[in-house]
Structures are given as C-alpha cells and as structure tokens.
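Here are the chains, one letter per residue:
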Amino acid sequence: MSDILEMDSVSDTEELGDAKLGMIVDEFVYPEELLPTYHSINEGANISKAPVVEFNNKEDSLFFNDGVRRIDFILVYEDVEFETKQTIQKNKKRREFFEASLMKMGLELEATPSVVSEKLIFVKVHMPWDVLCTYAEVLHIKIPIQPNNLSSHRSMWRYLSCFTKHFYPDENLIKKEAEYFTAPFEKDRLEYFYIKDKDLFFTPSMRSRMAYYVLCRAPYEIKESTKKFGITKLLDSEVYKAAYPLHDCRFKAKSKEEGCPSERYLLYQEWAHPKAFYKMQPLDLIRKYYGEKIGIYFAWLGFYTYMLALAAIVGLGCFIYGFNTQETSTWSKEVCDPEIGGQIVMCPQCDLCKFWRLNSTCETSKKLCIFDNFGTLVFAVFMSVWVTVFLEFWKRYEAELEYEWDTVEFLEQEEPPRPEYEAKAIHERLNPVTGVKEKVPFGACGQCFRLSIGISTVLFWVMLILASIVAIIVYRLAVFVTFSREYRKHNLKNLEPIKEFVTPQMATSITASIISFVVIMILNVLYERVAIWITDFELPRTRTEYENSLTLKMFFFQFVNYYSSCFYIAFVKGKAVGHPGKPVYLLGEYRNEECDPGGCLIELTTQLSVIMGGKAIWNNIQEVLLPWLKNLIVRHCASTPKETVKPRWEQDYQLQPISKLGLFYEYLEMVIQFGFVTLFVASFPLAPVLALFNNVLEIRVDAWKITTQCRRIVPEKAQDIGAWLTILQGVAILAVATNAMIIAFTSDMIPRLVYYWSFSVYSDNNEHTMQGYINNSLSIFHTKDLPEDLKNLTRLNYVTTCRYRDYRFPAGHRRQYEHNMHYWHVIAAKMAFIIVVEHIVYFTKFIVSYAIPDVPYAVKEQIKREKYLTQVLLHETSLKLVTRRLNPNSDENLSHTEEKI
C-alpha cells in the first residue's frame, strides 16, 4: 500500500481542483509562521541551482565532497532534460524551484550523478549550524544541560551479572549512553547547554528529523496567490524518485570513515542477527538510530513477549494437565464405551442426515477433554489477572522510557501541524489553549459534516463484514448436509488411517475456518483503504491525532473481521436449534447448525488455531520474503562490475522504502494477536505459547527487515504507544466477560458441575460422581414425532427413539419436548458463574491496578530535578537580560547557579 501523503493527493492534471484545495492567499501562508528561516522566491526571479560534483570514490562517506558538511538527507530524481514532454518540463521546473527554495531557507545542496544509472541524480542536503539551531527550537528538541547526578534505577537482574551478562548486548560494542538532564533548546540560551562538539551536538537522527520538517514545508510552485509545498507531493507526482536519510554504514561491515560510530553494524550484530535472538534489545541505540517512535514499538513488543513467557508456562501446564486426563475422564469413557455410547442412537443433525451412534465421536470427545477441563477455568482467571499486571507494569516501564528518552513533556500543542492541514487552513479561529488566532481548514459545521460522513462509512463497511460472516454461516449449514450425506454414503474407506478423526462437524469446521481466513485477508486490503480514506477526509491536525484516529477505525474493522467467526462459534452456534421434531431454520431453508455432542469448544479451538497460524505465516512471508525478493530483483537489474564503487546514498537507494504506516501495521498485527490470546484463551490454552514463539521470531524479523532490507526511516518523536494502550485496556476488560461466557455457554463444564454436585447424588451410590452424566445430558425423542416430509428421507428401520443434546421432557410426558427443571438449574448455575467470576476478577484487577503506581518513585524524583534545573536556567537567563538592559556597557559575568546545586 502506498504511503500516506503529507500533501494533497489530487493529481496535477486536475489543476482546478488542486487550486481550490491547496489555494492559500499570500498573507495566509501558514508555513511561514512556523519557519523562521522562510524566505519566498519571487515569481520570475533567477533560481539558484545546486552545484553538480562527481563522486569522490569514498563509498562510506556521509559528507559532501569537501569532507566537512554532513549529509542530512538525500533526494533522488531522474534527469530527462533532453525530452520535451510538457509534464517532464513541468516536473523539472518544480524540482528546480523546490531546490532553490531549500537554499533560500538556509540549506546547502550538492548534486552527484549516479555511478550505476546515467539518468539518476542524487541531491545531498546539509543543514548548517544556524539552521539546525533554528529548527531545534521550532521542534522543541530537548538538549542536555548537565550530566545526571542522580543514581539511576537498576534492575535486580543486573546484579546477577555473572549469569545475565550473556543475555545483554556486548558492552564492548554497544557502550552505555551517558545520562543528562535536558531542556528544550533555545538559541538565546546556547551557553547553558552541554556542548562539547558542535558537529556532534545534534545527533544524526535529530538532524534528519529537522531536515524532513523543512522538506515537507518548502514550496515548489507559486502561481499568483497559490502556493504549493512539500516533498511528499513531489514524491507522489514522481518529481523525485525517493527521499531518505542515510544509513551510517553497511550492515555487515563497519564504516571505513574515521569517527563513524557504525551504529547500523552494531544493531545488526547485537540485535538483528539470528544468533542474537536470545539477547535483550539495545533499546537506547535503537532509539538513537531510528528515533523514539521505533524505539517505543520495540520496547513494547519486547515487554509483551517477556510477559507472555509466564502466561505460556501456565497455559502449557494447563494443556499437559488436560492431555494427561483425557484417558481418565469419566464422561469421555462413557462416550467411547460400546455398552454406553455404542448403544446410544443419536438423532440426525440435519434434514438429510441419518441416525448415528454416540461412540462415533469417541476421539473428538477425548480431544475435547484436553481443552475442556477444570484447569481451563483456572487458566482463564489467571489470564484475566495477568493482562492487568501486564498493562500496569507496562505503564511503569513506559514512564521510565519517557523520562530517559526526553518525551515526558511532549505535549500535543508542541507537535507541529501536518502539511495537509496547513495547506487547507484558510478559516480563522481563536486557539482555546494559547489564545492566539490561528488558521483551521473548516469551521464547526464542516467538522461535524466530515465526522458524520466518516461514521456513516464505517458503519456501512462493518455491516458488509457482518454480511460476509452470514455468508460463511450459510456455507457451513449447506456444506454440513453434503459432508454428512457423503460420509454415511461412502464411509470414507479411502481415508482409513484418519477416518476416526474425520467427522462431518470437523470437516465443516476446518473448511469454513480456511475460507473465513481467506475472506479475512482479502477484506483487510479493502478496509485499510477505506479507513485511510476516511481519516484523510477528516483531516486531523497533527500526526498523533491522525494516527490515533486511524488506529481506532482500523482496529474496529479488524475486530469485527477477525473475531466475528469466533464469536459466532462461541455464542451463537448450537444455541437455537430447537429439537428434532421442531428444528429452527435460518432464512426459512437452512437448518441451524448444531454443536458436536461434546460442545462447540473444539470447533472454536480449531478456528483460533487456523486463524492464528495462518496469520502468522502470511505476515512472516510479507515481512521477510517479499522485501528480500524485491531487493534481489533491484540488485540484479542494477548490476554493475565488481570493481565499481557505490557511494553510501546509492547503496541505500537500492533498498526498500518503509511505508509511513509500516509501524502502524506492526502494532495492529500484535494487538490482534493480543485479542486472540486474551479474549478466547478459555478455549485454547496454547494460544500464549504460540504467541510467544511468534513474537520471539517477530522481534528479530522486524529488526532484520528495517536494518538490512529497508532504507533508514525518518526519525519521529513519540511519547507512548498512543491509542493502542486504550485499545489494549478495552480488550482486557472485554476478555473477562468473553472467557466467563465461553466457560458458561460454550464449554460443558457448568452442566458437569451441576450434575456432579446436584443430580449425581440421586443415583444408587448416593455419592458425588460423574457416572451417568452422558445419559443424563441427552434427552429422548420418539421418531414417530418427526415431520412427515422427513420420515421418508430418514431410514427408521428398528429405531423408535433417538437421543439429542438438551434437557427436555421425553415423549409421552404431558409437557413433552419442553425444557425440564434440570435445564433451569443449569441456566441458573451459568448465570451465577458469570456474575461471581466477573465480580471477583474485576475486583482483583482493580486492586492490582491500584497497588501498582503508573510512574516509579525514582522517576518522579528525576523529573522534578530536571524541572528545577530548567527553571534555574530560565531564571539565570532572565537576570542576564535585565542586567544588559539596565547597564548595556557593563561587562556581565554572572556565575552559573548550577555550580551551587
């Protein structure tokens, strides 16, 4: 999917529409208010061009040819000056104007022809010191003011260094970063910041971030009162082929340039390489190289994976317990016993089906015991508490990262508006926060209209998802009849080795699960485009607002898409089927599908395993195989003699670009998995185990992909995981209810407990036992009561009565086929179970969340200390300014207050 454009996506051929959408009168050009170095180029003025130089054969160089000016960004275009097409000339004019604007705004450019292709030109962008200081202040970038003199909090595992050192990156390669107190940069207070070397004062990721900010707001065309700007619109119209910051070296070898830290090589060796799969992630280096947004994602993914280890151990123990008890389960033995299950004739489960004996589901009953046992109840309650502990400890860990990575005060009003928002901001309003007049794209009525259109579109597509689910249900009903007829007709002699595992219910469930998975993956492509279109139409102000809005829409779509089939099996299937003499029909034609005599839990388990497994395999193919194949094709097409030396920027150009929403899809994948692990864990205790193995692989696959196969992503600031945390909390709350309802309505646990504690004592033994449960749970139906149109389709032979799963009075009773008292006992027990379990678990979750503070005490102290130092800095500077005004000729020499601290 193409990246989300930072500017209008209207094509250049639609000049009138483009002018209407992007037109801003000169005095209303919003970017000028945010760019202190902005200087417009008058229409018709001479345009400066970037000097063209030849490559100096330094393949690892990150500098201009002079070896002094660092490359902060690379622009790539095709030089087709000899062609005369109107579009090509227009693009060339726009490109020249754009580059001239960059130089007018203080940036320095240098162009170099490609050594591989005669047409490609690489434009190197450098930000001088004064420009860096300007935009560091505009973007509120935090800079060190003095070393951190407070003792840092250390994990207890660090004290076991003799053992844990093998699980941490090699400290000889990745050295620990020095800790500083920081403050937002201000040019007027430059002397108070901790500056050792101007060339190293701003890190490469900071420089790239500031360069991208300028590129997104530099104009490329001015026509009378219309101004168009932004590199992303130029990329979309193919004026430029690519724009990216540089990797600092090759991933397999250190840079030959003196003083280059070769951080990409270190990340590959200690993080992305398969041999480092067991090591902790070097989060500080990830954040330094890729920015806070990438760093916080890998921090969350790593923390989630570590917490999954505990859930996986408990889930595996629950599975082993169920596996060991499947042969000793009393009710399962009764199903398999030829004298019990072999003598019970079951009623047909569809209109064209025949009678069948209960012991034909012997193997299915045994497998059901693995997942439907008392251990499952314990595990479901455990997971409800686990998810609360996970979220609370993550918030603590996130607070630590916020402080360490200087994002504590990353307020929304400090985040700059998106270029799309700026381009259409033509209405004036009073900012309720700052009290200053500002430009907005639309008024209150316009905003209400856009939200209404968005909500209506979302609801329409959700209904379309539900329609696809209904279609799959109809498929299940129709195919079950076919499988049942063929199974009884041919007896599946050619499947003798697996015959005992193949039943009409199982065959229907597996095929429906596969079809459901295929439909889900196809619809995902449509829903992604719809969600993006709606969010673009709403036009959020900042990047954070945009991502949060898109996050909620996409998760809502995915929630319905992925989980609808699971909710159907868990809470709908087999719940309204009537009885053999009076079945319930869907659409007046298809008889509602019944559960297996053991219940629908085994089908829910099958559905979960198919979707989780298929999704993991498909995602890994997309994330590993496709980028690798694309890069292989690019290298093959751009093959050059071995002796040809490729510069750093050309090596990076042959890598794959990362979508602006690439990280969004990574979060979405993990949150959907989190839903499977928590919402339906009562039916599949192995879900945390599968998720753990997948995540261990996912971390290294993502690391390998962005380190070796992709261009360096533009660093972005991020305080937390955004709206994903709210979604996770909502899923955690919903998980308690879904698991309690699965145990109550999908599992057979409550009817068994009711029989064990209430009805079994009326047997001859007068003891609590599970013997006789199967006979007690099956009602009796007289075949003479079948509808007339079904009697001819069913071979009655010697069968006069059959059994079916329900609690109803038998034939001949004055209330025949109505629910008996046992049924109401079971319903009351199920409702009581749900209420009691939910209240206990929710109360426990409340106590746990209250007992674990969101921000550690040590972090609070350090935050207060940093605020104090910042206030001292501001106070000192204010004193100097007052002194200068009172006595301009005095030789001011105020001592730093920080020496007294």
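Residues numbered from 1 in each chain as written. Predicted model: local features only at pLDDT ≥ 70, side-chain atom pairs only at ≥ 80, totals over all residues. Heavy atoms only, no water.

**Q** How should the overall build of the protein chain be read in this particular structure?
**A** Counting its regular elements, the protein chain contains 28 helices and 18 strands. Residue burial in the protein chain is summarised as follows: out of 901 residues, 53% are buried. The contacts of the protein chain with a sequence gap of at least 6 include a subset with a gap of at least 24, amounting to 77%. Surface accessibility of the protein chain: about 42500 Å² in total, with carbon and sulfur atoms responsible for 59%. (Helix = DSSP H or I, 4+ residues; strand = E, 2+ residues; numbered from the N terminus. Buried < 20%, exposed > 50% of the residue type's maximum accessible area, 1.4 Å probe, protein only. Contact = heavy atoms within 4.5 Å. Areas by Shrake-Rupley, 256 points an atom, 1.4 Å probe, with all protein chains shown as cover.)

**Q** How do you make sense of the packing of helix H11 (residues 292-325) against helix H21 (residues 662-679) when you look at a structure like this?
**A** For any two helices packed against each other, one specifies the inter-axial angle together with the distance between the axes. The interhelical angle for the contact between H11 and H21, taken along N-to-C directions, is 20°, at an axis separation of 11 Å. Comparing the axis directions of H11 and H21 gives the class roughly parallel. In this structure, H11 crosses over H21, and the sense of that crossing is left-handed. Packed against H11, whose contacting residues are Lys293, Ile294, Ile296, Tyr297, Trp300, Leu301, Tyr304 and Leu308, the element H21 presents Leu663, Glu666, Tyr667, Met670, Gln673, Phe674 and Val677 at the interface. Tallied by class, the residues present in the contact of H11 with H21 amount to 12 nonpolar, 1 polar and 2 charged. (Axes fitted to C-alpha atoms, helices over the stretch in contact; angles between N-to-C directions. Parallel < 35°, antiparallel > 145°, perpendicular 65-115°, else oblique. Left-handed = near helix turned anticlockwise from the far one by under 90°. Nonpolar A, V, L, I, M, F, W, Y, C, P; charged D, E, K, R; others polar.)

**Q** I would appreciate a short explanation of the state of the cysteines in the present structure.
**A** Put plainly, a disulfide is one covalent bond tying together the sulfur atoms of two cysteines. Summed over all chains, the structure comprises 2 disulfides. Here cysteine 336 pairs with cysteine 362 through a disulfide, and the sulfurs are 1.9 Å apart. Of note, the bridge from cysteine 336 to cysteine 362 carries an S-S torsion of about 100° and is right-handed in sense. You can see cysteine 336 sitting in helix H12 (residues 330-336) and its partner cysteine 362 sitting in helix H13 (residues 362-371), a full 26 residues away along the chain. Here cysteine 336 and cysteine 362 have matching classes, each one buried. The disulfide that involves cysteine 347 links it to cysteine 802, with 1.9 Å between the sulfurs. (Disulfide = S-S within 2.5 Å.)

**Q** I would appreciate a short explanation of the sheet that holds strand S3 (residues 120-126) in the present structure.
**A** Backbone hydrogen bonds are what pair the strands of a sheet, in a parallel or an antiparallel way. Spatially, the 4 strands line up as an open sheet ordered S2-S3-S1-S8, and their pairing is antiparallel. One side of each edge strand has no neighbouring strand; the edge strands of this open sheet are strand S2 (108-113) and strand S8 (242-244). For this sheet, the mean angle separating the axes of adjacent strands, direction not counted, is 20°. Here 3 bridges tie strand S1 (residues 73-78) to S8, and the two strands are oriented antiparallel to one another. Paired with valine 76 across the two strands is alanine 242, which belongs to S8. In the packing of helix H3 (residues 86-104) onto the sheet, the strands contacted are S1, S2 and S3, and the crossing angle to S1 comes to about 160°. On top of the sheet, helix H7 (residues 204-215) reaches S1 and S3; it is set at about 45° to S1, its chief contact. (Pairing = 2+ DSSP bridges.)

**Q** How should the confidence of the model for the protein chain be read in this particular structure?
**A** Caution applies to low-pLDDT parts of the model: their predicted coordinates are not meant to be read in detail. Looking at the protein chain as a whole, its pLDDT mean stands at 79, while 80% of the residues score no less than 70. The element-level mean pLDDT for the protein chain is lowest in helix H1 (residues 15-22), coming to 32, with S3 highest at 94. Taken as a whole, residues 155-160 scores under 50 in pLDDT and shows 6 contacts with residues more than four places along the chain or in a different chain. (pLDDT = per-residue confidence, 0-100.)

**Q** Would you mind going over H13 with me for this structure?
**A** For an α-helix, 3.6 residues make a turn, and residues three or four places apart therefore share a direction. Of all 10 residues that make up H13, 9 are buried, and the element is covered over most of its length. Residues of H13 that are buried include every one of Cys362, Glu363, Thr364, Ser365, Lys366, Leu368, Cys369, Ile370 and Phe371, and no others. Looking at the buried residues of H13, the elements they touch are H11, H12, helix H14 (374-404) and helix H19 (601-637).

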